[in-house]
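# Secondary and tertiary structure notes
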Amino acid sequence: MAQSLHSFAPPAVAGASTRRRQYLLPQLRRAGALSPAVSIRPRSGRAAGRISATLFQSPDLDSTALVQPPSSDTGGAIDVDSVTEAELKENGFRSTRRTKLVCTIGPATCGAEQLEALAVGGMNVARVNMCHGTHEWHREVIRQVRQLNEEKGYAVAVMMDTEGSEIHMGDLPTASLRAEDGEIWTFSVRYFNSPLPERTVNVNYDGFAEDVKVGDELLVDGGMVRFDVIEKIGPDVKCRCTDPGLLLPRANLTFWRDGSLVRERNAMLPTISSKDWLDIDFGIAEGVDFIAISFVKSAEVIHHLKSYIAARSRGSDISVIAKIESMDSLKNLEEIIRASDGAMVARGDLGAQIPLEQVPSAQQRIVKICRQLNKPVIVASQLLESMIEYPTPTRAEVADVSEAVRQRADALMLSGESAMGQYPEKSLAILRSVSIRIERWWREEKRYEAMELPGIASSFSDTVSEEICNSAAKMANNLGVDALFVYTKTGHMASLLSRCRPDCPIFAFTTSTSVRRRLNLQWGLIPFRLSFSDDMESNLNRTISLLKARGMIQSGDLVIAVSDMLQSIQVINIP
Ligand SMILES: Nc1ncnc2c1ncn2[C@@H]1O[C@H](COP(=O)(O)OP(=O)(O)OP(=O)(O)O)[C@@H](O)[C@H]1O
Ligand SMILES: CC(=O)C(=O)O
Ligand SMILES: [K+]
Ligand SMILES: [Mg+2]
C-alpha cells in the first residue's frame with residue numbers, strides 16, 4: 001500500500017509524479033594533455049619563462065605550440081568574491097579561512113540588509129529549507145542573493161534543501177508552543193478546518209495513528225521534547241509529556257518502542273515525495289547551485305535525481321548533496337557518497353535515528369569517506385544551538401565546532417541560529433573565528449594527518465591529474481609556498497587539490513560563474529572567475545599582473561601552479 005504524507009502545501013500538480021525515466025549521465029571527460037611536465041621558473045625574472053626542469057613533455061605541448069587566441073569574452077577581468085579580496089589584501093594569503101560556511105536563511109535573515117550582513121560576515125552558501133515557506137518566499141530570497149552577488153561582487157551560492165518524506169508536525173498557530181511536564185497533548189492526522197484545538201498538533205503521515213502503539217515513546221526533534229503514547233482514539237493519539245520543551249512548526253517526529261526506533265510502513269515512504277519533485281523543479285528553474293536531498297536511503301535515488309536534473313537542465317551543473325540523517329543512509333554510506341556530489345552530516349535527524357552517543361563517530365566516518373572519495377562534506381545542526389537565544393556560545397559548542405574544523409570538514413552549517421535566532425551575524429562570526437583559529441593551530445603544530453588518499457580516477461588522464469595534485473600539494477607544504485594556483489574548467493583539479501588539505505590557500509581559476517559558485521563549498525578554495533586560454537604561459541602572466549594590480553599578491557610571493565589543460569606543475573616566484 002502506498003503511504004502518503006500531507007505536505008501542508010498546495011496540492012501537487014498532476015503529472016509531477018515521482019516516476020521518471022532514468023537517463024544515463026554522460027560522463028564528463030576532461031580534455032587535456034596526458035603528459036605531465038614539471039617546470040620551474042626562476043625565482044626572479046619571469047620573462048625567462050619555463051626552464052629546463054621539465055621532466056617529460058610531449059613535443060606537441062611545447063609552449064610555443066600552445067599559444068592560442070584568448071577566448072572572446074575575456075576583457076581583462078578577474079572576478080573574486082569581494083569579501084575574500086578584502087581579506088586577502090588585509091591579512092595576506094595565509095590567514096584566509098579554509099573552512100566554508102553555510103547559513104540557513106529564514107525569517108531572521110531574509111531581508112536584503114541581513115543577507116548582505118551574512119555575505120560580508122563570510123557566508124559562502126545560503127541554504128533555503130523547503131520544509132518551510134512558500135515558493136514565492138524562497139524565490140525572493142534566491143533573487144536577493146543573486147542581486148547582491150551581481151551588484152556587490154559576492155559569490156554566495158544557493159542550496160535548496162528538500163523536505164523529504166519523514167514524519168513531522170504541521171504548522172502551529174504561533175511561532176512555537178510550550179509543552180509542560182505531565183500535560184496531555186493530542187497528535188492528530190485529522191484535517192482541521194478551523195484553528196487547532198488547544199494542545200493539539202497535526203501529524204503529516206496518514207498511517208501515524210495506526211502505526212503507533214500505546215506505550216511507545218514519541219520524540220520531537222530527536223528528543224528535544226518527549227511524550228508517552230497513552231491512548232489512541234481514531235485519528236487522534238493522546239500523549240503525556242515526559243520531557244518538557246518547545247514545539248516548533250514542522251518539527252520532526254519519531255517513535256520508539258522497547259528502546260528502538262519504530263520503522264513500520266513509514267519505511268516505505270519515498271525519499272523524494274511528489275512535493276519534493278515540485279520543489280526540485282522550482283530549484284532547477286531558479287538555477288540553484290546545490291540541491292540537498294533529505295533522508296537519502298540508497299544511491300539509487302541520487303542516480304535517479306541526477307539523471308532527472310541532467311535531462312531537465314541541459315548544461316547546468318547543479319550539485320546533488322546527500323543528507324546523511326537516517327540508519328539506512330549509514331548502512332549504504334559509501335555507495336551513496338560515491339553517487340552524490342557531496343554530503344551533509346545532518347546531525348539533527350541523525351541524532352533522532354541513532355543513539356546520540358553514536359553521532360560523533362558517525363560524523364567522523366562520514367567526513368573521512370567524503371574526503372577519500374573527494375566529495376565536499378558539510379557538518380550541520382546544533383553547532384551553536386544556544387545562540388538562537390544567547391549572544392555567546394557555550395564552551396561545549398565551541399569545542400564541537402573546533403572538532404568539525406579539526407576533522408577538516410569542508411563546511412559548517414548554521415540552522416536555526418541564522419534562520420530564526422536572535423544573533424545570526426554573531427553566530428557566523430563565531431564559526432569564522434573558531435575556524436581560523438583551529439586551522440592556524442593545526443598548521444603551526446604541523447599536524448599533517450596520515451590520511452591515506454586512495455586513487456579515485458577512472459581513466460589514465462584522471463590518474464595523471466590526481467598524481468599532479470597530490471604532488472603539487474606536497475611540494476607546496478615542503479616549500480612553504482604562499483598559494484597554489486589551479487586553472488580548471490570543470491573544477492575537478494581544484495577539488496583534487498582541496499582534498500589534499502594543503503597548508504596554503506588554493507586560488508581556483510575557472511571560466512564559468514556557476515563552477516566558481518560551486519567551488520565555494522570546498523575546503524581551502526578561493527574561486528576566481530577568469531577567462532583563460534590553453535596557453536598556460538600567458539594565463540599565468542595575465543593572472544599575476546591582474547592579481548598584483550588588485551593587491552592580492554605581491555612581488556616575492558611563491559606560488560605553485562597546475563592546470564587541467566597542460567598537466568604540469570610550475571613553481572613561480574612572483575616578480
Ligand atoms: N523559511 C523558513 N521560514 C520559517 N522558519 C524557518 C525557515 N527556515 C528555517 N526556519 C526555522 O529555523 C529552524 C531551523 O531550520 P532548519 O532548516 O535548519 O531546520 P532543521 O530541522 O535543522 O532542518 P531539516 O528540516 O532539514 O531537518 C526551523 O525549525 C524553523 O523553525
Ligand atoms: C540539517 C538537517 O536536516 C538535520 O540536521 O536533520
Ligand atoms: K529539509
Ligand atoms: Mg533533517
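Residues numbered from 1 in each chain as written. Chains lettered and ligands numbered in written order. Predicted model: local features only at pLDDT ≥ 70, side-chain atom pairs only at ≥ 80, totals over all residues.

Next up on the list: the overall build of the protein. Scanning the protein from terminus to terminus reveals 17 helices and 24 strands. Among the 575 residues that make up the protein, the fraction classed as buried is 45%. The contacts in the protein between residues at least 6 apart in sequence include a share of 70% that link residues at least 24 apart. (Helix = DSSP H or I, 4+ residues; strand = E, 2+ residues; numbered from the N terminus. Buried ≥ 20, exposed ≤ 12 C-beta atoms within 10 Å, placed from the backbone. Contact = placed C-beta atoms within 7 Å.)

The subject of this paragraph is the site of ligand 2. Near ligand 2, the surroundings consist of S294, K323, E325, A346, R347, G348, D349, A380, S381 and S415. With 3 residues, the top contributor of residues to the shell around ligand 2 is helix α9 (residues 347-353). Across the shell around ligand 2, the residue classes tally to 2 nonpolar, 4 polar and 4 charged. (Near = placed C-beta within 6 Å. Nonpolar A, V, L, I, M, F, W, Y, C, P; charged D, E, K, R; others polar.)

Moving on, we come to the UniProt feature "domain: Pyruvate kinase C-terminal" (unreviewed entry) in the protein. Per the UniProt annotation, the sites labelled "domain: Pyruvate kinase C-terminal" (unreviewed entry) are residues 466-565. Secondary structure across residues 466-565 comprises 43% helix and 22% strand; the distance between its end C-alpha atoms is 14 Å. (UniProt positions renumbered as here; feature names shortened; annotations may be inferred.)

Turning our attention to the site of ligand 1. Taken together, 18 residues lie near ligand 1, and G106, N129, H132, S415 and A419 sit nearest. Residue assignment for the shell around ligand 1 shows that the elements contributing at least two residues are α9 and α12 (416-419). Residue composition of the shell around ligand 1, by class: 6 nonpolar, 10 polar and 2 charged.

With a phi close to 60°, R250 is a non-glycine residue in the positive phi region. Examined against the element boundaries, R250 turns out to sit in the loop between β12 (245-247) and β13 (253-257). Unusually for a residue other than glycine, R408 sits at a positive phi of about 65°. By secondary structure assignment, the location of R408 is in the loop between α11 (395-406) and β19 (411-414). Note on R408: 22 C-beta atoms within 10 Å, which makes it buried.

So, about the UniProt feature "domain: Pyruvate kinase barrel" (unreviewed entry) in the protein. Annotation from UniProt places "domain: Pyruvate kinase barrel" (unreviewed entry) at residues 97-427. The distance separating the terminal C-alpha atoms of residues 97-427 is 16 Å; by composition the span is 34% helix and 24% strand.

The subject of this paragraph is the packing of helix α14 (residues 460-479) against helix α15 (residues 492-499). Orientation of α14 relative to α15, taken along the N-to-C sense of each, is 45°, at an axis distance of 9 Å. As summarised for this structure, α14 and α15 are arranged oblique, according to the angle between their axes. Where α14 crosses over α15, the handedness of that crossing is right-handed. From α14, S465, E466, C469, A472 and A473 reach across to α15, where they touch H492, M493, L496 and L497. Residue composition of the contact of α14 with α15, by class: 6 nonpolar, 2 polar and 1 charged. (Axes fitted to C-alpha atoms, helices over the stretch in contact; angles between N-to-C directions. Parallel < 35°, antiparallel > 145°, perpendicular 65-115°, else oblique. Left-handed = near helix turned anticlockwise from the far one by under 90°.)

A word on the sheet that holds strand β18 (residues 377-380). Spatially, β3-β4-β5-β15-β16-β17-β18-β19 is the arrangement adopted by the 8 strands of the closed barrel, whose pairing is parallel. Neighbour-to-neighbour, the strand axes of the sheet open up by a mean angle of 25°, direction not taken into account. (Pairing = 2+ DSSP bridges.)

With that settled, consider α11. Taking 1.5 Å as the rise per residue, α11 with 12 residues should run 16 Å; its terminal C-alpha atoms sit 16 Å apart, in good agreement. As for α11, its buried residues are in contact with β18, β19 and α13 (424-444). Remark: R408 follows α11 within two positions and exhibits a positive phi of approximately 65°. (Expected span 1.5 Å × (residues − 1).)

Moving on, we come to the pairing of strand β11 (residues 236-243). Relative to β11, strand β7 (residues 184-188) runs antiparallel, the two sharing 5 bridges. Of the residues in β11, the one forming a bridge with W185 is C239. Relative to β11, strand β10 (residues 225-233) runs antiparallel, the two sharing 7 bridges. By the bridge assignment for β11, F227 is matched with C241. Turn length for the β10-β11 hairpin, with the two strands adjacent in sequence and antiparallel, is 2 residues, and the turn residue G234 shows positive phi of about 55°.

The axes of two packed helices give the description: the angle between them and the distance between them. Where helix α2 (residues 112-120) meets α13, the axes come as close as 10 Å, and the angle between the chain directions of the two elements is 10°. Classed by the angle they form, the pair α2 and α13 counts as roughly parallel. Where α2 approaches α13, its residues Q114, A117 and L118 are matched on the opposing element by P424, E425 and L428. Of the residues assigned to the contact of α2 with α13, the class counts are 4 nonpolar, 1 polar and 1 charged.

Spatial strand order, β8-β7-β11-β10-β9-β13-β14: 7 strands in an open sheet with mixed pairing. Across the chains shown, the open sheet's two edge strands, defined by having one partner strand only, are β8 (200-202) and β14 (260-261). Across 3 bridges, the pairing between β7 and β8 is parallel. Its bridge partner lying in β8, T186 is registered against T200.

Scored by pLDDT, the protein has a mean of 85; 86% of the residues are at 70 or more. This prediction of the complex comes with two scores: 0.85 for pTM and 0.98 for ipTM. (pLDDT = per-residue confidence, 0-100.)

V156, I291, I293, V345, I378 and L412 are the most contacted members of the largest nonpolar core, which totals 80 residues. Setting aside residues up to four positions removed in sequence, I291 forms contacts with M160, I280, G283, I318, V320 and I321. F507, I526, M536 and V559 belong to the second largest nonpolar core, which has 46 residues in total. (Core = buried A, V, L, I, M, F, W, Y, C linked by C-beta atoms within 7 Å.)

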